[in-house]
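Remarks on the overall topology
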Amino acid sequence: MPRNIEVKARIPSLEAVLPLVQSLADGAPEALFQDDTFFTCPTGRLKLRDFGNGRGQLIFYQRPDAPGPTQSRYRIHETADPAGLRETLSAALGVIGRVVKRRLLFFRGQTRIYLDAVEGLGDFLELEVVLEAGQSAAAGLAIAEAIFSQLGLPASARLPGAYRDLLEAAGAFASGPGTA
């Protein structure tokens, strides 16, 4: 199962961090819209990501519920009918909640750098170091730490979990569009 190291941080604004990220990135960003619906799943987390253009991904992942950088193991399945799949999975498993975000995706080597505007939460930076076969989590963490340091973000900006966890803690997770 593929693995990555994730680090998230709250940022003052996308505009404040954008020039720094652009200076580190390998190229121009890709603008993304993502509407993630989370379903009941006893063995990890299961979400359907709808890109709003008729494409989507069903993503199953396992990660520790712990503060700081975390390693995730994941599987991704592409779909050309995210709305239909959402309806089926909602009926079969039940919806926990939704996270809606607009992202700018940059790359730096094996790292995805996201600048995120998350509905109900604000602006964030996320680093995902996609681990290569045989690469240790410690090596991936060192890459993430180096980029985080180059961006000059304080350690206090780091988040302890995922966006869904932050929304859940704020009592706003289950109130997303289309949830019961």
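Structure: see above.
Residues numbered from 1 in each chain as written. Predicted model: local features only at pLDDT ≥ 70, side-chain atom pairs only at ≥ 80, totals over all residues. Heavy atoms only, no water.

Description of the packing of aromatic side chains
As a reminder of what qualifies: Here the aromatic set is Phe, Tyr and Trp, taking the six-membered ring for Trp, and pairing holds for ring centres within 6.5 Å; pairs whose planes are under 30 degrees apart are stacked, those over 60 apart are edge-to-face, and all others are tilted. By definition, any uninterrupted DSSP run of H or I lasting at least four residues is a helix, any uninterrupted run of E lasting at least two residues is a strand, and each is numbered from the N terminus. Exposure classes here rest on a 1.4 Å probe applied to the protein chains alone. A residue is buried below 20% of its type maximum, exposed above 50%, and partly exposed in between. By the criterion adopted, a ring carries a charge over it if an Arg CZ or a Lys NZ lies within 6 Å of its centre and within 35 degrees of its normal.
A complete count under the given rule lists one aromatic pair for this structure. Relative to Tyr 163, the ring of Phe 124 lies with its centre 5.1 Å away and its plane at 55°, an arrangement referred to as tilted. With Phe 124 in strand β8 (residues 122-130) and Tyr 163 in helix α4 (residues 163-169), the pair connects residues that are 39 residues apart, well separated along the chain. Owing to a relative accessible area of 0%, Phe 124 belongs among the buried residues under this scheme. Using a relative accessible area of 4% as the deciding quantity, one classes Tyr 163 as buried. When the ring centre of Tyr 163 is taken as origin, the NZ or CZ atom of Lys 8, which lies over that ring, is 5.2 Å away. We note Arg 103 situated over the ring of Tyr 114; from NZ or CZ to the ring centre the distance is 3.6 Å.

Side note on helix α2 (residues 82-93)
Spelled out, the test is: Expected span of a helix, by definition, is 1.5 Å for each gap between consecutive residues, and there is one gap fewer than residues. For this quantity, the arc is that covered by the directions from the helix axis to the C-beta atoms. The contact definition used throughout considers only heavy atoms, calling two residues in contact when any of these lie within 4.5 Å.
Between its terminal C-alpha atoms α2 stretches 15 Å, which fits the 16 Å expected from 12 residues at 1.5 Å a residue. Looking at α2, one finds that the buried residues are Pro 82, Arg 86 and Leu 89. Angularly, the buried residues of α2 cover 75° about the axis, an arc narrow enough to put them on a single face. Structural note: α2 exposes Glu 87, Ala 91 and Ala 92 on the side pointing more than 90 degrees away from its buried face. Tucked inside the fold, the buried residues of α2 contact β2 (30-39), β3 (45-50), β4 (56-62), β5 (70-79) and β6 (95-108). A positive phi of about 90° marks Gly 94, the residue just after α2.

Regarding the sheet that holds β4
Applicable threshold: Should DSSP find at least two bridges between two strands, the strands are regarded as paired. The angle between two axes is taken between their N-to-C directions and runs from 0 to 180 degrees, where each axis is a line fitted to C-alpha atoms and a helix contributes only its stretch in contact.
Read around the barrel, eight strands follow the order β1-β5-β4-β3-β2-β6-β7-β8 and close on themselves; strand pairing throughout is antiparallel. Strand-to-strand twist of the sheet, defined as the mean angle between neighbouring strand axes without regard to direction, takes the value 35°. For strand β1 (residues 3-10) and β8, the ladder comprises seven bridges, and the chain directions are antiparallel. Directly across from Ala 9, in β8, lies its bridge partner Leu 125.

A look at helix α1 (residues 14-24)
Residues of α1 that are buried include every one of Leu 14, Val 17, Val 21 and Leu 24, and no others. Down the axis, α1 shows its buried residues gathered within 85° of arc, on one side only. The exposed set on the far side of α1, more than 90 degrees from its buried face, consists of Glu 15 and Ser 23. In the core, the buried residues of α1 are packed alongside β6, β7 (111-118), β8 and α3 (137-150).

As for the pairing of β2
Where burial is concerned, most of β2 is hidden: seven out of the 10 residues are buried. Sheet topology note: the β2/β6 ladder contains 10 bridges and is antiparallel. Each residue of the ladder has a partner; that of Glu 30, found in β6, is Leu 105. Of the strand pairs in this sheet, β2 and β3 are connected by five bridges, and their pairing is antiparallel. Paired with Asp 36 across the bridge in β3 is Arg 49. Hairpin connection of β2 to β3: five residues between the antiparallel strands.

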